[in-house]
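Structure at a glance
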Amino acid sequence: MFLALRDLRFARGRFALMGAVVALIAVLGVLLSGLAAGLADAGISGLRALPVTHMAFDEKATSEQFSRSTVEQRDWQAWSKAPGVKRAEPFGNTLANAQVTRGAKKGEQVNLAVFGMAPDSPLAPSPSRGEGLREGGAGIVISAEIAELGVEVGDVLTADKSEVRLKVVGMVDDAVSYGHIGVAYADLDTWRHLHYGLPGELPEAAGRQATAVALTLEQGADVAAVEKATGTRADSKETAFGASPGYTAESSTMALIKGFLHAISALVVGAFFTVWTVQRKAEIALMKALGAPTGYILRDALAQVVAVLVGATVVGTGVGLALGSAMIGKAPFSLSAPAIATSSGLLIVLGTVGAAVAVRRITAVDPLTALGAAR
């Protein structure tokens, strides 16, 4: 890096300007990665926390499965007897609006993402405060996401649609949500009253229904036969994330923005080093005339590129982490080490590729130019 280091010292102003641009791109990369992770957490953290591997939906529900799918008791019973199925549980999912009718926040409107399950199911949460679910008790266990709104154990909420009274019997410490709404866990009968908007006694048919069958499958389990017999379709838990409201649109939008950001970073770095290579054409020609191999000069130039990119990316990532830490709790933002490392790594790699395309001009520099052949 003999020539590269001297260039960095000689033109430190220009390299500092380029480094500042790369650092700003790194800051934006960290913030976009954090926002993407935060939006994902707000959309599917409740589903991600469920101890299942698959969800079986009504095969007729090809989109928005959590709002369109309905399975019957015979379906989860058939799944529970199928080979390769460790566990099959009915799972209910619905969004509800309720009002605090007893508690410190009396009169407050609260949105709930209600997950219905059997109280003795492994899906049922273990509350950190209060007690767990009970069959037919019209009690709910709330997540920390709802508790942050001021709802406490012992409060009573009344659902607007069905007028079902929901007593908060417990709370979990995890701030989990579904569709950007805090999760509340309920027994299946309570969920059915909320889902169908039916106060009082449930019709017999409704009392045997759920949204999906929550499955835990063995590795490589062949479920084609039970899918055909029940008219359901088993999706992996990760695939089921796409059924969460807005999750697919948010994820694809953030991925597109990050893709454009990385493409722009490659173009910006490439453009800078194209201009820089043209400006130092005479010096490169002189070095080649003195016997410096083209490979040596290329390696020296790329080392210069990597030094600028790594230094600026480290500074920008540090600033981005500081800004991101200040955003936690004020916006849907989550610091994910793998996502940030990937974003920073792509900035360095794509920037190097863009610069490599630019400095290829070095191989075309004629050493005779340094001897006056161009004049």
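Scroll up to find the structure.
This report concerns the structure included in the present document. (Residues numbered from 1 in each chain as written. Predicted model: local features only at pLDDT ≥ 70, side-chain atom pairs only at ≥ 80, totals over all residues. Heavy atoms only, no water.)

Attention now moves to the packing of aromatic side chains. One pass over the full model with this rule turns up 8 aromatic pairs. Centroid distance Phe66 to Tyr178: 5.8 Å. Interplanar angle 85°. Geometry classified as edge-to-face. Here Phe66, found in helix H3 (residues 65-68), pairs with Tyr178, found in strand E9 (residues 177-178); they are 112 residues apart in sequence, far enough to count as distant. The rings of Phe57, Phe66, Phe91, Phe115, Tyr178 and Tyr185 are connected pair by pair, giving a single aromatic cluster. (Phe/Tyr/Trp six-rings, centres within 6.5 Å; stacked < 30°, edge-to-face > 60°. Helix = DSSP H or I, 4+ residues; strand = E, 2+ residues; numbered from the N terminus.)

Time to look at a nonpolar patch on the surface. On the surface, a nonpolar cluster with roughly 540 Å² of combined accessible area is contributed by Leu17, Val21, Leu256, Phe260, Ile264 and Val268. Elements that contribute at least two residues to the nonpolar patch include exactly helix H2 (12-48) and helix H9 (247-279). Position of Leu256 relative to the elements: it lies in helix H9. By relative accessible area, Leu256 is classed as exposed at 52%. (Patch = residues over 30% accessible without salt bridge, like charges linked within 9 Å, V, L, I, M, F, W, Y side chains within 5 Å. Areas by Shrake-Rupley, 256 points an atom, 1.4 Å probe, with all protein chains shown as cover. Salt bridge = Lys/Arg side-chain N within 4 Å of Asp/Glu carboxyl O. Buried < 20%, exposed > 50% of the residue type's maximum accessible area, 1.4 Å probe, protein only.)

Turning next to the pattern of salt bridges. Side chains bearing opposite charge may pair, as long as their charged atoms lie close to each other. Tallied over the full model, the rule gives 5 salt bridges. In this structure, Asp41 engages Arg48 in a salt bridge whose closest nitrogen and oxygen atoms are separated by 2.8 Å. Classification of Asp41 as partly exposed rests on a relative accessible area of 24%. Here Arg48 falls in the partly exposed class, since its relative accessible area comes to 40%.

Within the secondary structure, Thr294 is located in helix H11 (residues 294-327). In the structure, Thr294 is positioned 10 residues away from Ile284 in sequence and 9.3 Å away in space, judged by C-alpha atoms.

Time to look at the layout of surface pockets. What the largest pocket holds in volume is close to 390 Å³. Ala42, Glu145, Ala331, Pro332 and Phe333 are the residues nearest the centre of the largest pocket, which is lined by 15 residues in total. Of the residues belonging to the lining of the largest pocket, the class tally is 5 nonpolar, 6 polar and 4 charged. Lining of the second largest pocket is provided by 16 residues; of these, Glu64, Ser67, Tyr178, Ala243 and Pro245 occupy positions nearest its centre. Mapped by element, the contributors of at least two residues to the lining of the second largest pocket are H3, strand E3 (85-102) and H9. In the lining of the second largest pocket, the residues fall into 7 nonpolar, 8 polar and 1 charged. (1 Å grid on protein atoms, 1.4 Å probe; cavity = no way out; pocket = protein on both sides within 12 Å on 5 of 7 lines; lining within 4 Å. Points joined across faces, edges and corners; volume = space filled by probe spheres on them. Nonpolar A, V, L, I, M, F, W, Y, C, P; charged D, E, K, R; others polar.)

On the secondary structure map, Val164 appears in the loop between strand E7 (156-159) and strand E8 (165-171). Between the C-alpha atom of Val164 and that of His193, which follows or precedes it by 29 residues, the distance is 7.2 Å. Residues in contact with Val164, not counting those within four places in the same chain, are Leu157, Thr158, Ala159, His193 and Leu194. (Contact = heavy atoms within 4.5 Å.)

Moving on, we get to the pairing of strand E6 (residues 139-142). Of the two faces of E6, the one holding Gly139 and Val141 and the one holding Ile140 and Ile142 are both buried throughout. As paired strands, E6 and strand E10 (residues 181-187) are joined by 3 bridges and run antiparallel to one another. Residue pairing across strands places Ile140 opposite Ala186, the latter belonging to E10. (Pairing = 2+ DSSP bridges.)

Our focus in this paragraph is the nonpolar core. Within the largest apolar cluster, 29 residues are counted, with the highest numbers of intra-cluster contacts made by Leu47, Met55, Phe66, Phe91, Phe115, Met117 and Tyr185. Among the elements of the structure, H2, strand E1 (54-58), strand E4 (109-117), E10 and strand E12 (212-217) are those that each provide at least two residues to this core. Other than its neighbours up to four places away in sequence, Tyr185 contacts Phe115, Met117, Pro125, Leu133, Gly139, Ile140, Val141, Val172 and Val176. Among the nonpolar cores identified, the runner-up in size contains 24 residues, and Met18, Ile25, Val308 and Ala358 belong to it. (Core = buried A, V, L, I, M, F, W, Y, C linked by side-chain atoms within 4.5 Å.)

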